[in-house]
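Residues per chain, in single letters:
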Amino acid sequence: MANTNLQFKTNYAVSSKIEPFYKGGKVQISKDEKYIFCTCGSRVNVLEISTGKIIHCVEHDDQEDITSFALSCDDEMLVTASRALLLKQWDWRQANCTRSWRAIHTVPVASMTFDSTSTLLATGGCDGTIKLWDVVKQYCTHNLKGSSGVVHLVQFHPNTDLLQLFSSSLDCGIRIWDLRSSQCVCVLQSHYSAVTSLSFSPDGNAMVSSGRDKICTVWDLKTRKAKRTVPVYEAVEGVIILPGSTDLAEIRVKSKDLHFITAGSKGVLRVWEASTARCVYTQTLPSTLPSASEEDENDNPRSLTYLFHLPASARLATVTAEHNILLYQLPALTTQQQFVGYSDEVLDVKFLGKGDSHIVVATNSCQLKVFELLTNSCQILYGHTDTVLTLDVFKKGSLFASCAKDRSVRVWHMDSDSGQVRCVAQGSGHTNAVGSISCSRMKASFVATGSQDCTVKVWDLPADCSAEGGIHQLTARATEKAHDKDVNSVAVSPNDKLLASGSQDRTAKLWSLTVEGTVSLLGVFRGHRRGVWAVCFSPVDQVLATTSADGTAKLWSLQDFSCLKTFEGHDASVLKVIFVSRGTQLLTSGSDGLVKLWTIKTNECVKTLDAHQDKVWGLHASRKDDKMVTGSADSNITVWSDVTEIELAEEQAKQEDQILKQQELSNLLHGKKYLKALGLAISLDQPHTVLTVIKAIREGENSSELLEKTLLKLRQDQKESLLRYCVVWNANARNCLNAQAVLQVLLTHLPPEELLQYQGARSHLEGLIPYTERHMQRIGRLLQASMFLNYMWQKMRVAGAPSSTGQDEDMDTTPLAQAQPFFVIDKEKKSGSDERRDEGNDSDGEQDEDPDSCVEDEEELEDVSATNKASTDNGRVENGASHKTNGKHHSESEESSEEEDQEEETTVKKTKGLPVSSAQQCQTFAS
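Values in this document were obtained by computation on a predicted structure and should not be read as measured data.

Section: the overall build of the protein chain
- The number of helices and strands found in the protein chain is 13 helices and 57 strands.
- Within the span of the protein chain, comprising 927 residues, buried residues form 51% of the whole.
- Taking all contacts inside the protein chain whose residues are at least 6 apart in sequence as the whole, residues at least 24 apart take part in 47%.

See below:
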């Protein structure tokens, strides 16, 4: 089909991830303004502002949700409270819990804060009490009672000499506690709803409080009286007193009087002058955003829940009800960075911008999100009024299109210099949700859409749609009733002359896009057993790829509409398909959370990526074909890099390195530099190579002393590896002698305390015991068989010798040395037989020896002995000799035989080289 000389892809690796880090709850920014701390279920995530990455995470072991947390003012200590009524103190940089104690509160902690010295911690509980803790001396210093209901706000006065704590609960009052007397000295009454925020003036003499009763109150803390009540006409969640030393003329702060800024349900920042109770500045919203008067403020997704001042960098930070965190630069309040804490279900994702530097994401909302991959900073695009379902990008990457449940289609343009995105065109005409869209491939001339109204439409774009100006209105040049059910996918061919559509009616169709603007049917692809989820044209061949809810992907010929190939492997619906490697491979994603890489020529799944925990709706490859991006219903977005070339280069380098090391090893062995050779072999982590060195050592002169000297000079980690290799060698009859020789050195010279410190030493020793016992049993059986042969030889008559009455007695007393030539011959034959049997049983160096082989050896010996005995008896009958047994002589022969048997046993033991007590030593160490 396509170019077969192209290097196929073999694997992808995760390059970066955009995952949820904030799902509601408390947010705090570190004093050095580098990190954002935010709750996410049972975790507190630490987001680095400069990179947008989650660099630290602390989590409670009990998996209980964290109800509140506080970071000390010196940024060193983090304390968390969970529903299990536990307080935990963390070294957050190491994610290490340094201390844990009971909170004493009878119900969960609702609020927490540190004083400016980072020594006192205040916790406000849902039980109406406030506890103060000395985190240095580790004890509870105060138990403040008197609040009614949940204490949702606690804050220390910035002047530590005053030792005052401010709190608020459901009674809407602000209590001032004197920590010297542990008494409430005053209750500030002004609000009629929950007090949400307090802000102190730099000198500590004034304070501004905000509430959901749509007012802010300015307090004189010397007189403890309200100086002014400012109606702000929105539920306020955060208030900050602006510094008087900064030039804030751009936001119309023209006097030195007290000014404060509010954040609330309208979703905008507003600056107020306290002396006149006037709003002097209102932040400008994007033109695509609906105004607050057009919707209920209580349901406004842009409503602000937190407001922070970052004095060192002259910035403000806000948190929205949609879990987005925005950073604004003073004095102009321009948006500097935006982080999306939670994206909900990801429905589609595409690469965007020059060099695929950005991605655009459609989530389960009416907004689009454009992420810069380098910093994870996000732009939120408003325009659609219902959930955006799918996206597509034009060839150059700066123009893209979206469609939504609001029955509309929109075209967006990214400025190549600033990276800002704006809507340049929109169109509507479908009578139901628009679920699929495809852009023209040659140039930005049209888009095609498919809808749940069973039609496909082709929309012409104006030639100057990306130019500055208003939003162009699109009209459909062609509309066609395409299918009997929902149209799930549409795709435009690489030459812009064909259109493919896939539907819930189990078919895919091919359409002709004529110059006149009409759409005509060319053919139907039938074969899927369930609805078709995606269609995609090959970039080089006349082939169409489809995926279906039947769990398969298919390739179809555009000539005769026949099915060319079927790819099976997903356990559920296959949702997306794209061509990669110049049309020679496919990527598919499914409801099973998997992404699969297929080679078309071999019909083979090359790689399965366990990408996500839920449906993978989004799948797109970069224009350079060197990475891909996936988006899932698990709210995660993953960018993958093609690591085929990297893996090939690493494999080649590894092979070359091994060749060089093998040559070096050969040279070391030739020069009898066994210590260096053994160390090099262990570094290769190849048990067989290490075994070769051990064999070479044992073949030399004074092998036992040389082996002992070499092994004891190894480092501890090398001895650990050697012990691990011994377990492998000992499982094989051919290699057990070398394993036992190494074990004898290690077990004899190393104390048990040192051995047991080795990683996995106990399991290794336990693994050595059974095989060592089997080897010893085999040696025992061979000794018994050899002793029986020796006894039979003493009773045998040499063939061809003259028969005489006294010859039997001479035969019985013949020294063993005289019979040695005959015995050596039998032994060699027997040895050859054993070796052949061992080779048969141990052909695989890693398999265990057959325990029955020893029994077979013994039975063969018994058969041979019986045969020899029968032939000897026949010879004696033919010679007609009569055998008489002399009791005394027989007894002497038996004593002589026993002594020789003992000598033979000792000789065999020495020959075998097995340490008699290895099994017992292993049992001792293992126990």
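Details of the pairing of strand 17 (residues 183-188)
- As judged from the five bridges shared by strand 16 (residues 174-178) and strand 17, these two strands associate in the antiparallel manner. Note that in strand 17 the partner of Ile-176 across the bridge is Cys-186.
- Linking strand 16 to strand 17, which pair antiparallel, is a turn of four residues; within it Ser-182 sits at a positive phi near 60°.

With respect to helix 8 (residues 761-795)
- Here helix 8 contains 35 residues, and its C-alpha end-to-end distance of 51 Å stays within 8% of the 51 Å for a straight helix at 1.5 Å per residue.
- The largest bend in helix 8 is about 25°, located at Ile-769, with the proline Pro-770 one to four residues further on.

Here's the deal with the state of the cysteines
- Counting across every chain of the model gives zero disulfides.
- In this structure Cys-184 is not part of a disulfide, and its nearest cysteine sulfur, from Cys-186, lies 7.1 Å away.
- Lacking any disulfide linkage, Cys-439 is separated from the closest cysteine sulfur, that of Cys-403, by 9.8 Å.

Here's the deal with the packing of helix 2 (residues 674-683) against helix 3 (residues 687-698)
- Between helix 2 and helix 3, the shortest axis-to-axis distance is 8 Å and the interhelical angle comes to 165°. Classed by the angle they form, the pair helix 2 and helix 3 counts as roughly antiparallel. As for how helix 2 packs across helix 3, the hand of that crossing is left-handed. Here Tyr-674, Ala-677, Leu-678, Ala-681 and Ile-682 of helix 2 lie close against helix 3, whose contacting residues are Thr-689, Val-690, Val-693, Ile-694, Ala-696 and Ile-697.
- Class assignment of the residues belonging to the contact of helix 2 with helix 3 gives a composition of 10 nonpolar, one polar and no charged.

What to know about a positive patch on the surface
- Taken together, the side chains of Lys-485, Arg-506, Arg-529 and Arg-530 present a region of like positive charge at the surface.
- Mapped onto the elements, Lys-485 comes out in the loop between strand 42 (476-481) and strand 43 (487-492).
- Under the relative-accessibility criterion, Lys-485 is labelled partly exposed at 45%.

Things to note about the sheet that holds strand 55 (residues 616-621)
- Taken together, four strands build an open sheet; the order of strands is 1-57-56-55 and the sheet is antiparallel. Two strands lie at the open edges of the sheet, namely strand 1 (12-18) and strand 55, each paired on one side alone. Recorded for the sheet is a direction-independent mean angle of 20° between the axes of neighbouring strands.

Topic: the nonpolar core
- Leu-678, Val-690, Leu-711, Leu-722, Trp-729 and Val-742 are the most contacted members of the largest nonpolar core, which totals 35 residues.
- Within the residue set of this core, elements represented by two or more residues are helix 1 (644-670), helix 2, helix 3, helix 4 (703-712), helix 5 (716-730), helix 6 (736-749) and helix 8.
- At seven residues, helix 6 tops the list of elements feeding residues into this core.
- For Trp-729, the residues in contact, after removing those within four places along its chain, are Pro-687, Val-690, Leu-691, Ile-694, Leu-722, Asn-735, Cys-736, Ala-739 and Val-742.
- If you look at the next biggest cluster of nonpolar residues, it comprises 18 residues, including Leu-248, Ala-263, Leu-269 and Leu-326.

A closer look at the packing of aromatic side chains
- Counted by the stated rule, this structure contains 11 aromatic pairs.
- Note on Phe-525 and Phe-561: the rings are 5.3 Å apart at their centroids and 65° apart in plane angle, and the pair reads as edge-to-face. One end of the pair, Phe-525, is in strand 46 (residues 519-526); the other, Phe-561, is in the loop between strand 49 (552-557) and strand 50 (563-568), with 36 residues separating them in the sequence.
- The lysine or arginine in question, Arg-99, covers the ring of Trp-101, its NZ or CZ lying 3.8 Å from the ring centre.
- Sitting over the face of the ring of Phe-446, Arg-477 holds its NZ or CZ atom 5.1 Å from the ring centroid.

Considering the pattern of salt bridges
- On inspection of all chains with the given rule, the structure shows 16 salt bridges.
- Across the pair Asp-625 and Lys-9 runs a salt bridge, and its minimum N-O distance is 3.6 Å. Here Asp-625 is found in the loop between strand 55 and strand 56 (627-632), whereas its partner Lys-9 is found in the segment before strand 1, with 616 residues between them in sequence. There is no split in this pair, since Asp-625 and Lys-9 are both buried.

Looking at empty space enclosed by the protein
- Within the structure shown, the criterion is met by three cavities of 30 Å³ or more.
- Estimated volume of the second largest cavity: approximately 40 Å³.
- Lining the second largest cavity are Ile-18, Glu-19, Pro-20, Val-340, Gly-341, Tyr-342, Ser-343 and Ser-635.
- Partitioned by chemical class, the residues of the lining of the second largest cavity number four nonpolar, three polar and one charged.

What about a negative patch on the surface?
- A grouping of Asp-61, Asp-62, Glu-64 and Asp-65 is seen on the molecular surface, where their side chains present a negatively charged patch.
- Along the chain, Asp-65 turns up in the loop between strand 5 (54-59) and strand 6 (66-71).
- Look at Asp-65 and you get partly exposed, because its relative accessible area is 37%.

Focus: the environment of His-259
- Structurally, His-259 is set in strand 23 (residues 259-264).
- Setting aside anything within four residues of it in sequence, one finds His-259 in contact with Ile-240, Ile-241, Leu-242, Val-253, Trp-272, Glu-273 and Val-280.
- Among the polar contacts made by the side chain of His-259, one reaches the main-chain carbonyl oxygen of Asp-257 at a distance of 2.7 Å.

Here we look at the sheet that holds strand 26 (residues 304-310)
- The strand order 26-27-28-29 describes an open sheet built from four strands, whose pairing is antiparallel. Both edges of this open sheet fall to strand 26 and strand 29 (334-340), since each of them pairs with a single strand only. Ignoring which end each strand starts from, the neighbouring axes of this sheet average 20° apart.

Considerations on helix 3
- Over its 12 residues, helix 3 runs 16 Å from end to end, which matches the ideal 16 Å to within 8%, given 1.5 Å per residue.
- Among all positions in helix 3, only Thr-689, Val-690, Leu-691, Val-693, Ile-694, Ala-696 and Ile-697 are buried.

Observations regarding the side chain of Ser-82
- Mapped onto the fold, Ser-82 is located in strand 7 (residues 78-82).
- The class for Ser-82 is buried, based on a relative accessible area of 1%.
- Non-local contacts of Ser-82, meaning those with residues more than four positions away in its chain, are made with His-60, Asp-62, Glu-64, Asp-65, Ile-66 and Thr-67.

Quick notes on the packing of helix 5 against helix 8
- At their nearest, the axes of helix 5 and helix 8 sit 9 Å apart, and the two run at 30° to each other. In terms of orientation, helix 5 and helix 8 fall into the roughly parallel class. The element helix 5 and its partner helix 8 pack so that their crossing is left-handed. Along the contact surface, helix 5 presents Leu-723, Arg-724, Cys-726, Val-727 and Asn-730, while helix 8 presents Ala-761, His-764, Leu-768, Tyr-771, Thr-772 and His-775.
- Grouping the constituent residues of the contact of helix 5 with helix 8 by class yields six nonpolar, four polar and one charged.

Let's talk about the side chain of Thr-584
- Along the chain, Thr-584 falls in the loop between strand 51 (574-580) and strand 52 (585-590).
- Within the structure, the side chain of Thr-584 is placed 2.7 Å from the backbone oxygen of Ser-581, a separation counted as a polar contact.

Re unusual backbone geometry
- The step from Leu-330 to Pro-331 runs through a cis peptide bond, and the omega angle for that step is 5°.
- The backbone of Ile-104 sits at a positive phi, close to 70°, despite the residue not being glycine.
- Tracing the chain through its elements places Ile-104 in the loop between strand 9 (96-102) and strand 10 (109-114).
- Of note, the phi angle at Gln-138 is positive, near 65°, even though the residue is not glycine.
- Checked against the element boundaries, Gln-138 lands in the loop between strand 12 (129-134) and strand 13 (139-145).
- On the basis of relative accessible area, Gln-138 is assigned to the partly exposed category, the value being 46%.

Concerning the pairing of strand 38 (residues 434-439)
- The buried fraction of strand 38 amounts to five of the six residues, a majority that puts the element mostly inside the structure.
- One ladder, built from five bridges, connects strand 38 with strand 39 (residues 446-451); its direction is antiparallel. Looking across to strand 39, one finds that Cys-439 is bridged to Val-447.
- Counted between consecutive antiparallel strands, the loop separating strand 38 from strand 39 contains six residues.

About the criteria used
- Residues numbered from 1 in each chain as written.
- Predicted model: local features only at pLDDT ≥ 70, side-chain atom pairs only at ≥ 80, totals over all residues.
- Heavy atoms only, no water.
- Helix = DSSP H or I, 4+ residues; strand = E, 2+ residues; numbered from the N terminus.
- Buried < 20%, exposed > 50% of the residue type's maximum accessible area, 1.4 Å probe, protein only.
- Contact = heavy atoms within 4.5 Å.
- Pairing = 2+ DSSP bridges.
- Expected span 1.5 Å × (residues − 1).
- Bend = angle between axes of the 7 residues up to and from the residue.
- Disulfide = S-S within 2.5 Å.
- Axes fitted to C-alpha atoms, helices over the stretch in contact; angles between N-to-C directions.
- Parallel < 35°, antiparallel > 145°, perpendicular 65-115°, else oblique.
- Left-handed = near helix turned anticlockwise from the far one by under 90°.
- Nonpolar A, V, L, I, M, F, W, Y, C, P; charged D, E, K, R; others polar.
- Patch = residues over 30% accessible without salt bridge, like charges linked within 9 Å, V, L, I, M, F, W, Y side chains within 5 Å.
- Areas by Shrake-Rupley, 256 points an atom, 1.4 Å probe, with all protein chains shown as cover.
- Salt bridge = Lys/Arg side-chain N within 4 Å of Asp/Glu carboxyl O.
- Lys, Arg positive; Asp, Glu negative; His and termini not counted.
- Charge placed at Lys NZ, Arg CZ, Asp CG, Glu CD.
- Core = buried A, V, L, I, M, F, W, Y, C linked by side-chain atoms within 4.5 Å.
- Phe/Tyr/Trp six-rings, centres within 6.5 Å; stacked < 30°, edge-to-face > 60°.
- Lys NZ or Arg CZ within 6 Å of the ring centre and 35° of its normal.
- 1 Å grid on protein atoms, 1.4 Å probe; cavity = no way out; pocket = protein on both sides within 12 Å on 5 of 7 lines; lining within 4 Å.
- Points joined across faces, edges and corners; volume = space filled by probe spheres on them.
- Polar contact = N/O pair within 3.5 Å; in protein donor to acceptor, adjacent residues only side chain to side chain.

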